[in-house]
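Chain by chain, the residues:
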Amino acid sequence: MKQNLDTIVEIRDLHFSRGTRVIFDGIDIDVKRGKVTAVMGPSGSGKTTLLRLIGGQLLPDSGIIKVEGENIPTLSRVQLYKVRRWIGMLFQSGALFTDLTVFENVAFPLREHTQLPESMIYDLVLMKLQAVGLRGARELMPSQLSGGMARRVALARALALDPLLIMFDEPFAGQDPITMGVLVKLIRLLNDSLGMTTIIVSHDVQETLTIADYVYVIADGRVIGQGTPKTLMESATGWVKQFIQGLPDGPVPFHYPAQDYARDLLGERVGENV
Amino acid sequence: MIVRRIQALGRSGLAFVQDAGHTSLFLFNSLVGRPDFIHGTERLIKQLYFVGVLSLLIITLSGLFIGMVLALQGYTTLVKFGAEQALGQLIALSLVRELGPVVGALLFAGRAGSALTAEIGLMKSSEQLSSMEMMGVDPLKRVIAPRFWAGQIAMPVLSLIFTAVAILGGYMVGVEWLGVDSGAFWANMQAAVDFDTDVVNGIIKSIVFGTVVTWIAVYQGIECEPTAEGIGRATTRTVVYSSLATLGLDFFLTAVMFGDT
């Protein structure tokens, strides 16, 4: 397959299942260089799994996952670790190393992958921390940070090696409005100013739609809607509309499947001889 | 009925072989590769502190009490035959050959092994290991290898300290308290304990136990279910498996080392 220079991540006919449960049933996704691409879907639709597949932490049943032309599932362990150096990933929990200070957390990838002198590491770490507004917190331990601060430190750490691609796993989940605003601003700003490509998986519709250039909506293992946020808002129908607008009832029913309500009340319990 | 039993036997046999292969591969991947002496030494020293130095208190205290009890029990039996002069020999031989490595390993499993499993399990559940992987750093080499080597080095040293302190405890009770002759205590010990057969074999035992206990601990940590309950269960498994493996291997090693004498 010829590599498309505009596309940094190219996913074709991806199949993945856990046991008997099918997570992805043939999805195609393109992530354009320099853009913020969002993958949205309800909880349990496999959004985080998708990021782990792109990062090579999981192997698909079949399909192609190309990052900068490298087909991730076919790479050897050594090659995979090399490719990961230019992918940054921000985990939902932040995943900071709890035995290291904020400074050392951000310095970690630099110390591991470069031979830079200590003075340069110091400057680089301060620059990354300055970018996320936490230069003053460099001596703190992760346990002393709030959830939002931890995520920003994790962001600084993910930026340490100036990755080509940065992936965010639910960056807005459980954040207060101010932190959410800070994160939204940071993600967009860093993507544009550092010339990176960003993938966000999230189910926070409003925040995600404000920063995304292109959106994929996945459910039941398939891409069921895609487009720019504007077109999605205007043209969505059925399931996608329910999801984007957050309607309580629609193609996804409010009620978990159950037998007839009246019969249930009359005591005809399922599986019991009443 | 019989077919089903045979099937179950086959299944558990296959699972065992698979597990054995998996753990061996895990250890191989952790330890084989280009060594990084500068950072590696730094990490090793840090782990030696956690695994070794922090275990010192429990090891010395337990050693002291075990030595004291041995002297007390040995004396009450030996004195019936007028052989209390052999107390030093009794204490030293049982400690150097058996109690030092075995009790040392059991305490090590309880103190350091469980801590290793819980620490690695928690790193796994808080996605620290995943994030390391995604940064292009292999957690097997960065997290597992230094802990494994630290356990390997610390265990024989702890076991030697345990033995030395226990002999001192035995001396305190036997000589200072019960009145065994000090000269006879040390002279008999020196005459009876052979460096090559007793001390070296004891050290070999503790190296084997150190390897097995640390291996079980780090493997249980990395393979645990990443939940609070899963980490709890993995920690318990570390202590149980390590203790059983230590006692089972001890019998095997004793049979090989001392079986024909």
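Because the structure is a prediction, the values reported are computed rather than measured.

Asks: Report on empty space enclosed by the protein, specifying residues and quantitative values.
Replies: In this structure the tally under the stated criterion is 1 cavity of 30 Å³ or more. Each pocket or cavity is described by its volume, and for the largest cavity that value is around 130 Å³. Taken together, 14 residues make up the lining of the largest cavity; nearest its centre are Ile 87, Gly 88, Arg 157 and Ala 158 of chain A together with Met 135 of chain B. Those elements that provide at least two residues to the lining of the largest cavity are strand S6 (87–90) and helix H5 (147–159) of chain A together with helix H5 (128–134) of chain B. Across the lining of the largest cavity, the residue classes tally to 9 nonpolar, 2 polar and 3 charged.

Asks: Tell me about the layout of surface pockets, and name the residues and values.
Replies: There is about 1900 Å³ of room inside the largest pocket. For the largest pocket, the lining is made up of 50 residues, of which Glu 112 of chain A together with Asp 36, His 39, Arg 43 and Arg 142 of chain B are closest to its centre. Among the secondary structure elements, those contributing two or more residues to the lining of the largest pocket are helix H2 (77–84), helix H3 (102–113) and helix H4 (118–131) of chain A together with helix H1 (2–31), helix H2 (37–51) and helix H6 (139–177) of chain B. Split by residue class, the lining of the largest pocket holds 22 nonpolar, 11 polar and 17 charged. The calculated volume of the second largest pocket comes to roughly 860 Å³. In this structure, the second largest pocket is lined by 29 residues; those nearest its centre are Gln 57 of chain A together with Lys 124, Glu 133, Ile 222 and Glu 223 of chain B. Residue assignment for the lining of the second largest pocket shows that the elements contributing at least two residues are helix H1 (47–54) and H2 of chain A together with H1, helix H4 (87–125), H5, H6 and helix H8 (195–223) of chain B.

Asks: Tell me about the packing of aromatic side chains, and name the residues and values.
Replies: Under the definition given, this model contains 8 aromatic pairs over all chains. Residues Tyr 49 of chain B and Phe 50 of chain B carry aromatic rings whose centres are separated by 5.7 Å and whose planes lie at 70° to one another, so their mutual orientation is edge-to-face. On the basis of relative accessible area, Tyr 49 of chain B is assigned to the partly exposed category, the value being 44%. A relative accessible area of 39% means that Phe 50 of chain B is categorised as partly exposed. A network of ring pairs unites the aromatic residues Tyr 171, Phe 185 and Trp 186 of chain B as a single cluster. Over the face of the ring belonging to Phe 97 of chain A we find Arg 157 of chain A, whose NZ or CZ atom lies 4.6 Å from the ring centre. Arg 97 of chain B extends its terminal NZ or CZ atom over the ring of Phe 258 of chain B, reaching a point 4.2 Å from the ring centre.

Parameters at a glance
- Residues numbered from 1 in each chain as written.
- Chains lettered and ligands numbered in written order.
- Predicted model: local features only at pLDDT ≥ 70, side-chain atom pairs only at ≥ 80, totals over all residues.
- Heavy atoms only, no water.
- 1 Å grid on protein atoms, 1.4 Å probe; cavity = no way out; pocket = protein on both sides within 12 Å on 5 of 7 lines; lining within 4 Å.
- Points joined across faces, edges and corners; volume = space filled by probe spheres on them.
- Helix = DSSP H or I, 4+ residues; strand = E, 2+ residues; numbered from the N terminus.
- Nonpolar A, V, L, I, M, F, W, Y, C, P; charged D, E, K, R; others polar.
- Phe/Tyr/Trp six-rings, centres within 6.5 Å; stacked < 30°, edge-to-face > 60°.
- Buried < 20%, exposed > 50% of the residue type's maximum accessible area, 1.4 Å probe, protein only.
- Lys NZ or Arg CZ within 6 Å of the ring centre and 35° of its normal.

This is a description of form; function is not addressed.
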